[in-house]
Amino acid sequence: MAEHLTYTASGPVLRMADEIAVQFDRRPIAEAATEIAAHIRTFWDPRMRAALLDAIEVGADIAPVVRAAAALLRLPG
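Rules of the game
- Sequence positions are assigned chain by chain, starting from 1 and proceeding in written order.
- Only residues with pLDDT of at least 70 are given local features in this predicted model, and only at 80 or more are side-chain atom pairs given and counted; all residues enter the totals for whole chains, interfaces and linings.
- Computation of side-chain values: all heavy atoms of the structure, hydrogens and water removed.
- Nine residue types can take part in a nonpolar core, namely buried Ala, Val, Leu, Ile, Met, Phe, Trp, Tyr and Cys, and a core is a set of them joined through side-chain atoms within 4.5 Å.
- Accessibility here uses a 1.4 Å probe with only protein chains present; expressed as a share of the type maximum, an area under 20% marks a residue as buried, one over 50% as exposed, and anything in between as partly exposed.
- Numbering of helices and strands runs from the N terminus; a helix is a DSSP stretch of H or I covering at least four residues, while a strand is a stretch of E covering at least two.
- It only takes one pair of heavy atoms within 4.5 Å for two residues to be counted as in contact.
- Arc definition: directions from the helix axis to the C-beta atoms.

**Observations concerning the nonpolar core**
Here comes step 1: In this structure, Ile36, Trp44, Leu52, Val65 and Val66 are the most contacted members of the largest nonpolar core, which totals 24 residues.
Here comes step 2: Secondary-structure elements contributing two or more residues to this core are helix 1 (2–23), helix 2 (29–43), helix 3 (46–57) and helix 4 (64–73).
Here comes step 3: Apart from residues no more than four positions distant in its own chain, Ile36 is found in contact with Ile20, Ala21, Phe24, Val65 and Ala69.

**Some words on helix 4**
Here comes step 1: For helix 4, the complete set of buried residues consists of Val65, Val66, Ala69, Ala70 and Leu73. Seen from one end, helix 4 has its buried residues packed into an arc of 145 degrees, which puts them on one side.

Shown next as structure tokens:
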């Protein structure tokens, strides 16, 4: 039940992350992931970041560059 609630709550967050990824579509994945992670750190509140990371952890369908950015978000800093 909790997984369903987490996923439902993260739906808009996943959509927003995918929309951000589209803006970096023409950049190399490492560069794009770094920029996306920086954007998320700067503009998203901690609950939104947590929802994104939780959704990815349980296997949400998301752009590969967002997965790469999420890995960077898990790093300190």
